[in-house]
Amino acid sequence: MQNNIISGLFVGQNLVTLKEVDSTNNYLKELLANSKPLTEGTVIMAEAQHAGRGQHNNKWLSEPGKNLTFSILLKPSFLPIQQQFDLTRCISIGVINALKPYFGIALKVKWPNDIYVGERKLGGMLIENQLQGSQIRHSIVGIGINVNQDNFPEGSGTPISFKQILHRDYHLQTILAELCKGIEVSYLQLKAGRVEGIRNAYIDSLLAFNEPRYFKVNGNVVSGVITGVTGEGLLQVNHDGIESRYNLKEIEFLKNQ
Ligand code: BTN
């Protein structure tokens, strides 16, 4: 199904809505591999995914018809591959700016790219970059946002939905349109070379920035303070005066005491 309810220049102008798919990221990748070139900003949205994927090879579970699960095709060939994390920052900030009217300052990015309200996860993203030589040829930006789901299975982390916070149902297409707009604005800022603005906005929205916190590192509980995120996207944590840098597999946030 094709339609066009989204304002803006290109993100969401070609919108494909599917009843059910394995994963919108997979679907977009298969389209890229098998069909004629797709325009930048194409969005694949699914009412249901039966093999939704999250980070760390986790499954992304979402009740059919209740939440947003979609993928955006971007072609950031202007971005050096060493700067891939700036795309992560840019998409995170696009989402934050789009959803701020609903949640205000409680809306945060949990490093590297989870979207949190307070200490609970409203959504996440799986960005898969296809490289060609020294360029990013395609970026498949998969986003899942919990909207109208009333409850979540036990043991599935700390999810929360719009409905659980704001006590009403929301029109998925409206929120999708707002997200496309926010991401487009942020992406055009990145494309125009205004990287510092994006990096600063990312730090301004970073969960637990400059706050004492407990983490798990190599199986041990340690305290520390997040002091920044490196250019390549490593988390910088100060432990009693000693600065350490971590990738995603090396550090786990523990629940705030
Ligand atoms: C995470 O927080 O672990 C990332 C979740 C990403 C989920 C979205 S839903 C749409 C797109 N398709 C997928 O299979 N995954 C992403």
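Residues numbered from 1 in each chain as written. Predicted model: local features only at pLDDT ≥ 70, side-chain atom pairs only at ≥ 80, totals over all residues. Heavy atoms only, no water.

> How should I be thinking about the pairing of strand S7 (residues 120–132) in this particular structure?
The two faces of a sheet get side chains in turn, since along a regular strand they alternate between them. Inspection of the sheet shows strand S6 (residues 114–117) paired to S7 by three bridges, in the antiparallel sense. Residue pairing for S7: Ile115 is matched across the bridge by Gly123. (Pairing = 2+ DSSP bridges. Helix = DSSP H or I, 4+ residues; strand = E, 2+ residues; numbered from the N terminus.)

> Where do I start with the site of the ligand in this structure?
Near the ligand there are 20 residues, and of these Ser23, Gln49, Arg53, Gln55 and Lys121 occur at the shortest range. At 3.5 Å, a side-chain N or O of Asp114 approaches an oxygen atom of the ligand. A distance of 2.6 Å is found between an oxygen atom of the ligand and a side-chain nitrogen or oxygen belonging to Lys121. Alone, the ligand offers 420 Å² of accessible surface; in the complex the protein occludes 98% of this. Residue assignment for the shell around the ligand shows that the elements contributing at least two residues are helix H1 (24–34), strand S4 (68–74), S7 and strand S8 (135–145). (Near = heavy atom within 4 Å. Polar contact = N/O pair within 3.5 Å; in protein donor to acceptor, adjacent residues only side chain to side chain. Areas by Shrake-Rupley, 256 points an atom, 1.4 Å probe, with all protein chains shown as cover.)

> How do you make sense of the sheet that holds strand S9 (residues 212–217) when you look at a structure like this?
In spatial order, the strands read S12-S11-S10-S9-S13; together these five strands make up an open sheet with antiparallel pairing. Of all the strands in the sheet, just strand S12 (242–246) and strand S13 (251–253) have a single pairing partner and so form its edges. Averaged over all adjacent pairs, the angle separating strand axes in this sheet is 50°, with direction ignored. With four bridges joining them, strand S10 (residues 220–229) and strand S11 (residues 235–239) adopt antiparallel strand pairing. For Val229, the partnering residue across the bridge sits in S11 and is Leu235. (Axes fitted to C-alpha atoms, helices over the stretch in contact; angles between N-to-C directions.)

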